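# Understanding the architecture of this molecule
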Amino acid sequence: MTDQIAFIGAGNMAGALIGGLIADGTPPERLIATDPSVEKCQALGAATGIRTLQDNREAAAVADTLVLAVKPQILRQVAREIAEQIQDRRPLVISIAAGVRCDSLQSWLGGDVPLVRTMPNTPAMIQAGATVLYASPWVSEAQRGQAESLMRAVGVTQWVDDETLMDAVTALSGSGPAYHFLIMEAMENAARELGLSAETAHLLTLQTAFGAARMALESSESPESLRARVTSPGGTTERAVRALEEGGIRDLFRTALEAARERSVELSVDMGKA
Ligand SMILES: NC(=O)c1ccc[n+]([C@@H]2O[C@H](COP(=O)([O-])OP(=O)(O)OC[C@H]3O[C@@H](n4cnc5c(N)ncnc54)[C@H](OP(=O)(O)O)[C@@H]3O)[C@@H](O)[C@H]2O)c1
């Protein structure tokens, strides 16, 4: 029997990962998902051909890799429920729950478990996510590779070797899509005030954001250098960029990321309380 990958919780993120893995060539027979909702299980099973179960313990008892994909608030209850099977079988456990630290999860699972904590973001839903991974000490090199290739099914991956950096990651890529949506919203509104139709303002804003992100990703140049190249002295871009700089855009982002990191620390502490 080939290695089994089980997802505990068959919601949005698990669905995205399962879809990405199947699209990447993982046979559906290798995948299992659990969820309390019979309807959700039936729909997922019918759409993907994977096996679905209502019983988390049954899935944990056969999994070689177990992905914890429930909401952070119920992770403690779920982890305690499957701790015995995890201790017996010792699969690689991958948590995608935001803000739950490895020491909390280890204690709920009974300790010494090969555990990788990850922080994906919402664009994972369309296979354009950015996921950061952190491996606890019991994770082997081979298991690191397994965790990384699993998360790569929904986008790019990066590792951190200090778990406290997960709070900075949460502030950057975790919350980051919302910062970009806010910028799009502000640009769209400003364009309408300049007289463009709502439809034109919307399309031009989105395509400009997409084009800029794609150029930055595909170029070997830094965003700073790309910006300098489209900012001619005395031109329109220069005047707009000056207005943004004088308005304090850099300090605003610094303050925003620090605030998000601080909140992430607070939430992790709350989540770990017994
Ligand atoms: N969505 C994102 O962009 C994002 C980004 C970063 C991290 N994450 C993390 O990913 C995890 C999942 O998020 P999500 O957005 O996919 O949430 P979601 O759609 O609510 O998925 C969670 C699933 O778990 C199921 N569930 C509830 N109780 C369960 C139990 N006891 N046993 C097994 N399954 C159970 C839920 O079923 P019911 O709906 O029937 O209760 C739901 O289908 C969270 O921990 C979140 O922090 C998500």
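Everything here concerns the structure above.
All chains use their own residue numbering, which begins from 1 and follows the written sequence. In keeping with the predicted nature of the model, local features appear solely for residues at pLDDT of at least 70, side-chain atom pairs appear and are counted solely at 80 or more, and the whole-chain, interface and lining totals rest on all residues. By convention in this description, side-chain values take in all heavy atoms of the structure and omit both hydrogens and water.

## Considerations on the overall build of the protein
Quick reminder of the rule: Secondary structure counts use DSSP, requiring at least four H or I residues in a row for a helix and at least two E residues in a row for a strand, with both numbered from the N terminus. Only protein chains enter the calculation, and the probe is 1.4 Å; a residue is then buried if its accessible area is under 20% of its type maximum, exposed if over 50%, and partly exposed in between. Residues are treated as being in contact if the distance between any of their heavy atoms lies within 4.5 Å. Accessible areas in this description were obtained via Shrake-Rupley with a 1.4 Å probe; residue shielding takes into account the shown protein chains only. In this tally, Asp and Glu contribute negative charge and Lys and Arg positive charge; neither His nor the terminal groups of the chain are included. Charge positions are represented by NZ for Lys, CZ for Arg, CG for Asp and CD for Glu.
A count of helical and extended segments in the protein gives 12 helices and 8 strands. Looking at the 274 residues of the protein, the share that counts as buried comes to 39%. Put simply, of all contacts in the protein between residues at least 6 apart along the chain, 61% involve residues at least 24 apart. For the protein, the exposed area adds up to about 15300 Å²; of that, 56% sits on carbon and sulfur atoms. Side chains of the protein carry 24 positive and 34 negative charges; the gap between the two charge centres is 2 Å.

## Some points on the sheet that holds strand β2 (residues 31-34)
To keep it simple, the criterion reads: Whether two strands pair comes down to DSSP finding at least two bridges between them. Lines fitted to C-alpha atoms define the axes here, with helix axes fitted over just the stretch in contact, and angles between the N-to-C directions of these axes take values from 0 to 180 degrees.
Across the sheet, which stays open at both edges, the 8 strands sit in the order β3-β2-β1-β4-β5-β6-β7-β8 with mixed pairing between neighbours. The sheet terminates laterally at β3 (51-53) and β8 (155-159), the two strands that pair on one side only. The sheet shows a mean angle of 20° between the axes of neighbouring strands, direction not considered. Of the pairings in the sheet, the one linking strand β1 (residues 5-8) to β2 comprises 4 bridges and is parallel in character. By the bridge assignment for β2, A6 is matched with I32. Contacts from helix α5 (residues 102-109) reach β4 (65-68), β5 (92-95), β6 (115-119) and β7 (129-135) within the one sheet, and its direction differs from that of β6 by about 135°. With respect to the sheet, helix α7 (residues 165-174) is in contact with β6 and β7, its orientation differing from that of β6 by roughly 35°.

## Describing the nonpolar core
Using the following cut-off: Put simply, a nonpolar core is a bunch of buried Ala, Val, Leu, Ile, Met, Phe, Trp, Tyr and Cys residues held in one set by side-chain atoms that sit within 4.5 Å of each other.
L66, L68, L75, L105 and L109 are the most contacted members of the largest nonpolar core, which has 31 residues in total. Those elements that place two or more of their residues in this core are β1, α3 (56-62), β4, α4 (72-89), α5, β6, β7 and α7. Among the elements that make up this core, the one with the highest residue count is α4 (5 residues). Apart from the residues lying within four places of it in its own chain, the contact partners of L66 are A6, I8, A59, A60, I82, I86, L92, V93 and I94. In this structure, A14, L17, I18 and V116 belong to the second largest nonpolar core, which totals 28 residues.

## Side note on the site of the ligand
Cut-off, in case you're wondering: A single heavy atom is enough: if one lies within 4 Å of a molecule or strand, its residue is considered near that molecule or strand. Pairing of N or O atoms within 3.5 Å defines a polar contact, subject to two protein rules: one partner must be a possible hydrogen donor and the other a possible acceptor, and residues neighboring in sequence count only if both atoms are side-chain atoms.
Residues in contact with the ligand amount to 24 residues; listed here are only the nearest, N12, M13, D35, K40 and V70. Contacts to the ligand include M13, whose backbone N or O atom sits 2.7 Å from an oxygen atom. The separation between an oxygen atom of the ligand and a polar side-chain atom of T122 is 3.3 Å. Against a free-state accessible area of 880 Å², the protein chains account for coverage of 78% of the ligand. Mapped onto the shell around the ligand, the elements with two or more residues apiece are α1 (12-23) and α4.

## Remarks on the side chain of T205
Relative to the elements of secondary structure, T205 occurs in helix α9 (residues 198-218). The exposure class assigned to T205 is buried, which follows from its relative accessible area of 6%. A polar atom in the side chain of T205 sits 2.6 Å from the backbone oxygen of A201. Not counting chain neighbours up to four residues away, the residues in contact with T205 comprise M184, M187 and E188.

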